[in-house]
Amino acid sequence: MAAYAALLSLKYTIEQIQLHPRPPISLDQNQVVSLIGNLNFLQEFLEVYSCGGGGGSREAADVLESLIADAAHAAEDIIETRIVDQIHGEKMSSNELYQDLEKVIEEMGFIRKDVMEIKEKNIGIIEDRLHINSSILGGSPLTTKQNAVVGLDDQLIEVMDKLTGQPSNLRIIPIVGMGGIGKTTLARNAYTNQLVTEQFDTRAWVTISQTYNVREILVEILLCASKDESREILSGMSEGEIGERVHKSLYGRRYLIVMDDIWSVDVWDEVQLFLPKIARGFLCQSL
């Protein structure tokens, strides 16, 4: 069930931000409480109707499922867009994030009222009312932003298009979403695709994880970029020395670096210092 998965994904994303020792963005706690409350309520509704219970028409429940999925996706898009903007260094005020989430919370409130109406009266939904509610999400400018979120086959095509394009400087392609939905698989499929391998002189895959070491990341990149390097040679070098060799090795070449399992945007700031700004792609997995 797409709506149920969307609710779980949004809830997981919020929980990861709340539990993260250095969260990439800060969410208003009142909004978090409101979102989690709505998610739990709507999740319970979907569990009941997926089993054929709860009364009311199946058509009404199907329409509600679609609206729930749209609302959950919209909220997650807002949060992930803010994270991606943070990675790119783009500024967005906390008030903008608050206002955007408030619109989705309001929409979830409308949906919640319709769910309660079904539960209490066992009647269908007035389609005109739902059309008005859904237009709130459909008209949001935030839904037009493209994010590489795993889930559909066309996402691989989207990533491939970006990787095989002709950027004139360093290109960052974030892949964001809840854990376990296939972000690494998507990145791996793009990384190993023949069209991509033919585009780049050098490719490197580095797994970051929650506890990372910039020096070790640079070592992994350098070992992929240069056959003349070895761990023995690099063992006595400092982070700066290795970083300088990474820059020289990649300079003037078409390169692709995949940084898998990133937990903190801080790693971006530290690694990018050593990368030439002339590049073909930089593929990332975030929260």
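Below, the structure is looked at part by part. (Residues numbered from 1 in each chain as written. Predicted model: local features only at pLDDT ≥ 70, side-chain atom pairs only at ≥ 80, totals over all residues. Heavy atoms only, no water.)

## Some thoughts on unusual backbone geometry
Thought 1: We note that Asp261 has phi near 65 degrees; this positive angle belongs to a residue other than glycine.
Thought 2: With respect to the secondary-structure elements, Asp261 resides in strand S3 (residues 255-262).
Thought 3: Judged by its relative accessible area of 27%, Asp261 falls in the partly exposed class. (Helix = DSSP H or I, 4+ residues; strand = E, 2+ residues; numbered from the N terminus. Buried < 20%, exposed > 50% of the residue type's maximum accessible area, 1.4 Å probe, protein only.)

## Some thoughts on the nonpolar core
Thought 1: By size, the foremost hydrophobic cluster in this structure holds 61 residues, and its most contacted members are Leu27 and Ile79.
Thought 2: At 12 residues, the largest contribution of residues to this core is made by helix H3 (residues 58-88).
Thought 3: Beyond its immediate stretch of four places on either side in the chain, Ile79 contacts Leu10, Thr13, Ile14, Ile17, Ile25, Leu27 and Leu101.
Thought 4: Among the nonpolar cores identified, the runner-up in size contains 14 residues, and Ile175, Leu186, Tyr191 and Val196 belong to it. (Core = buried A, V, L, I, M, F, W, Y, C linked by side-chain atoms within 4.5 Å. Contact = heavy atoms within 4.5 Å.)

## Observations regarding the packing of helix H9 (residues 214-225) against helix H11 (residues 239-250)
Between two packed helices, what matters for the description is the angle formed by their axes and the separation of those axes.
Thought 1: It is the contact of H9 with H11, at a shortest axis distance of 9 Å, that shows an interaxial angle of 30 degrees. In terms of orientation, H9 lies roughly parallel with respect to H11. The way H9 lies across H11 gives a crossing that is left-handed. Of H11, the residues touching H9 (which contributes Val214, Arg215, Leu218, Val219, Ile221, Leu222 and Ala225) are Glu239, Ile242, Gly243, Arg245, Val246, Ser249 and Leu250.
Thought 2: Taken together, the residues of the contact of H9 with H11 sort by class into nine nonpolar, two polar and three charged. (Axes fitted to C-alpha atoms, helices over the stretch in contact; angles between N-to-C directions. Parallel < 35°, antiparallel > 145°, perpendicular 65-115°, else oblique. Left-handed = near helix turned anticlockwise from the far one by under 90°. Nonpolar A, V, L, I, M, F, W, Y, C, P; charged D, E, K, R; others polar.)

Don't take any of this as a statement about function, it's just geometry.
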